[in-house]
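Each chain, written out:
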Amino acid sequence: MHITDDGKEGLFRYSATDVSSVDDSAMVIRSGSRRYLRVIRGAVNAKWFGAKGDGTTDDYSAIARAVAYVGKKSQSLFLPKGVYYLKLKASLALAAGVNMYGEAGTVLNLDTTTPVYTSFASNIGDNVTISNLEINRIVDRPFVFFMVQSFKGFTFRNLKINGNRARYANFYCHAFQMGVNNAGVSENVTIDSCSIMQTSYGLFMTNASTAVVKNVTVSNCMFDSNTSTDLEFNSPNGSFSSVSVDNCRFSNGRLFAVGFANVKSAKVKNCFFERYDKEPVHIEDYSEDISIESNSFKSCALNVYAYVQIISGSRRVRVSNNTFDASANAAATNVMSALAGGLGSTGGGRKVIPPRSISFLNNDVLLSSVVNGLYVEAVTNFTISGNKFRGPGGVTSGVFNGASNYAIRVYASQFGVISDNNIRGINSGISSPPNNVNGLSEGQVVSGNSFSDCLVGIAGYNLFPSTISQNTFTQCQFPMFTGAYSSGVPKNLVITGNSAIRCSNPFLIYNYVNVRATSAVTSGSDKTVSISPLPGVFPQGTVITFASGAVLTLTKAAAFQATKLTGNITVSNILANDTATVYRRYSSDVKQTQTVFKNIDDFYGRSGSTLIKEVHADYQVVGYEETIIITANAPTIKLPPAISWNTKEITVKNSSARNATVSHDGVKDTLKAGTSVGYRLNDAGSAYIKMN
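Residues numbered from 1 in each chain as written. Predicted model: local features only at pLDDT ≥ 70, side-chain atom pairs only at ≥ 80, totals over all residues. Heavy atoms only, no water.

1. Examining the overall build of the protein
Working step 1: The helix and strand inventory of the protein stands at 2 helices and 70 strands.
Working step 2: Here the protein holds 692 residues, and the buried ones make up 54% of them.
Working step 3: Total accessible area on the protein is roughly 26,600 Å²; 48% of this is exposed by carbon and sulfur atoms. (Helix = DSSP H or I, 4+ residues; strand = E, 2+ residues; numbered from the N terminus. Buried < 20%, exposed > 50% of the residue type's maximum accessible area, 1.4 Å probe, protein only. Areas by Shrake-Rupley, 256 points an atom, 1.4 Å probe, with all protein chains shown as cover.)

Following this line, the structure appears as structure tokens:
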């Protein structure tokens, strides 16, 4: 028998053995006592069951019958080109092996007016596939497109999902809900070549779910204008593991693009992120073994936080080979932040603690004047290496102009390596916060970095045992300075093999700060004193004694490069050009040392200035070796006084075209152009001896 009814056409063959099938006008036709069964070649067609696809007829019941039929035999269901209006009464239950698919122009418009809550479809067996459909929410009701239940294998391919939140804004609308069955296990979920737009969450699992989700792959997808997180791999009370997000595009989000909470083993790779109000990548709640690799980020974290935020006990997180373009950001933010992120407990009831074992490697970072690079707080074991940081600032006529940001800031962290980074045009290259007691903290290695056109290359306050070596500073206003607040904790610092070229100031490796008042101020309370830009920082309570005898006790902290001090003036008035030297001790432990040797600084050779280093009674510099490169013609170089130095060698190299003079201990030596001379202390430590 051949049926020619529109949409139901096909060949039916008489079955002599079938005596019970009901005539459904789709798969079985009964004529008298004879039953004819449809001959199926390929997929079952939804139109055989009465689906019209005309945009107005309610096709829900027809498609539900078709789904039920193919579910009995693990068959494929085809929805031909057309607009199918579905007034949903319940979720379509897709049994094991079902493949429901459409073609170009197959559109499903979903009306959820009747029930308070429903979803479009869910899997009730293994190995279910849905593909080649455009699916739209067309009413303002709570809704989830797909509920992923506890089975193996659920594939979504080439779907266009539109929650229409811009039009229907009163109720949530999610694309994929994971972990629907508490304590159940979902495995092998694939979302490929899909477009998810104007939903609430693109993918999520509730905080309360105790489900286990394994092996989730999201690839070649586009997420646009979703109001919550696009991909929220959130499992504070359950678990997510083995997650891959590859070659996806994320745009115009209000919350996160990709979020991980209590996730084990995940990778985000080859993706593009742009225009997110908050962080495009958020990692929290003891997530571990997370890789953010080879992605591009542009104009994100527009309102708060960071491009990549790592908090609350997360560990073994690697951020590598990404491009971050924050040049258009107008509000202050960070490219990456790694910190505890709060107090109390996580969503899963675990104690909030700082992350650990964090790597930021080989990334290319472009900053605006208000965007910072990396902020690392209380992190144990971190590596920041091989990155390029670019800012809009520069040094002109010896003065930095432009940004007020930093490239790398480390606060109270342990066992870190900061190496081989290239930093240019940024206010502060590598620093610890000026108000930090613990500074770069314990066991830091800062090595092989290059700095140019920065206000300060490296600024280290209150350093624990650390090494600063083999760094290069070119045309910075301040290449490097180290200092301390009184903390009572022993600290030792090695500074070796660093080079400063064409910088406006020399290395400032000392524990004092010079202050010069630029105008007179009478004694009294709450006074403001104008000063030359401060080459350091002062905490509140700092006492400054000027040459005139005036004593200023600060009532407000003073930041680096501050031009005003506020405090109470006693004893006498402060005079114009009054000066003071403020020593900042580590503690009374005389064993504290800064070991400084084999550094190259061409500042003195260019300026003809006196090389001066001073030592406080509580603060020693040992093993000091210095190379002075002379580039200005015919200067006189004065070596530092021998007193209070230990085991010290100094090399002077004349790279200028004319002879120079080296002055020391009442002796003047002529140094010919293109030659070098070495000096060492005599055995008594009282004078320099010329070595060659």
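2. Quick word on the sheet that holds strand β59 (residues 564–570)
Working step 1: With antiparallel pairing, 4 strands are arranged side by side in an open sheet as β56-β59-β58-β57. Of all strands in the sheet, those with a lone pairing partner are β56 (524–530) and β57 (543–545), marking the two edges. With direction set aside, neighbouring strand axes in the sheet form an average angle of 40 degrees.
Working step 2: Pairing between strand β58 (residues 551–554) and β59: 4 bridges, direction antiparallel. (Pairing = 2+ DSSP bridges. Axes fitted to C-alpha atoms, helices over the stretch in contact; angles between N-to-C directions.)

3. Concerning the nonpolar core
In globular proteins that are soluble, nonpolar side chains generally tend to be buried together.
Working step 1: Counting 121 residues, the largest nonpolar core has F120, F146, F156, F233, F250 and F260 as the members making the most contacts within it.
Working step 2: It is helix α1 (residues 60–73) that contributes the most residues to this core, 7 residues altogether.
Working step 3: Here F156 is in contact with I130, F146, V148, F176, V189, T190, I191, D192 and C194, once residues within four sequence places are set aside. (Core = buried A, V, L, I, M, F, W, Y, C linked by side-chain atoms within 4.5 Å. Contact = heavy atoms within 4.5 Å.)

4. Focus on the packing of aromatic side chains
Working step 1: Considering all chains together, one arrives at 21 aromatic pairs under this definition.
Working step 2: Judged by centre distance (4.9 Å) and plane angle (75 degrees), the rings of F143 and F145 are edge-to-face.
Working step 3: Owing to a relative accessible area of 0%, F143 belongs among the buried residues under this scheme.
Working step 4: Ring geometry for Y307 versus F324: centroids 6.1 Å apart, planes at 75 degrees, classification edge-to-face. Note that Y307 is positioned in strand β31 (residues 306–310) and F324 in strand β33 (residues 323–326), a separation of 17 residues in sequence. Like F324, Y307 is buried.
Working step 5: Three or more aromatic residues joined by ring pairs make a cluster, and in this case those are F223, F250, F273, F297, Y307, F324, F360 and F389.
Working step 6: Across the ring face of W48, the terminal group of R38 is positioned such that the distance to the ring centre comes to 4.0 Å. (Phe/Tyr/Trp six-rings, centres within 6.5 Å; stacked < 30°, edge-to-face > 60°. Lys NZ or Arg CZ within 6 Å of the ring centre and 35° of its normal.)

5. Notes on the pairing of strand β13 (residues 128–137)
Working step 1: Where burial is concerned, most of β13 is hidden: 7 out of the 10 residues are buried.
Working step 2: Where strand β10 (residues 99–101) and β13 come together, 3 bridges link them in parallel fashion. Bridge pairing in β13 places M100 opposite I130.
Working step 3: Pairing of strand β11 (residues 106–111) with β13 involves 4 bridges; the strand directions are parallel. Bridge pairing in β13 links V107 to E134.
Working step 4: Bridge count between β13 and strand β15 (residues 152–162): 8 bridges; the pairing is parallel.

6. A short note on the sheet that holds strand β2 (residues 10–15)
Working step 1: Across the sheet, which stays open at both edges, the 4 strands sit in the order β1-β2-β4-β3 with antiparallel pairing between neighbours. Edge positions in the sheet fall to β1 (2–3) and β3 (28–31), since each of these pairs with one other strand and no more.
Working step 2: With 4 bridges connecting them, β3 and strand β4 (residues 34–38) associate as antiparallel partners. Paired with V28 across the strands is L37, a residue of β4.

7. Considerations on the side chain of D59
Working step 1: Along the polypeptide, D59 turns up in the loop between β6 (54–58) and α1.
Working step 2: For the buried residue D59, which engages in no salt bridge, the nearest side chain bearing the opposite charge is K52, 7.4 Å off.
Working step 3: Excluding residues that lie within four positions of it along the chain, D59 makes contacts with G50, A51, K52, G53, Y84, Y85 and L86. (Lys, Arg positive; Asp, Glu negative; His and termini not counted. Salt bridge = Lys/Arg side-chain N within 4 Å of Asp/Glu carboxyl O.)

8. As for α1
Working step 1: In this model α1 runs 21 Å from its N-terminal to its C-terminal C-alpha over 14 residues, within 8% of the 20 Å that 1.5 Å per residue would give.
Working step 2: Those residues of α1 not exposed but buried are Y60, A62, I63, A66, V67, Y69 and V70.
Working step 3: Looking at the packing, one finds that the buried side of α1 touches β5 (44–45), β6, β7 (76–78), β8 (82–87), β9 (92–94) and β10.
Working step 4: Looking one or two residues past α1, S74 carries a phi angle of roughly 55 degrees, positive in sign. (Expected span 1.5 Å × (residues − 1).)

9. So, the environment of Y14
Working step 1: Relative to the helices and strands, Y14 is located in strand β2.
Working step 2: Note on Y14: relative accessible area 35%, which makes it partly exposed.
Working step 3: For the pair Y14 and S31, spaced 17 residues apart in sequence, the C-alpha to C-alpha distance is 9.9 Å.
Working step 4: With near-sequence residues (within four places) excluded, Y14 lies in contact with R34, R35 and Y36.

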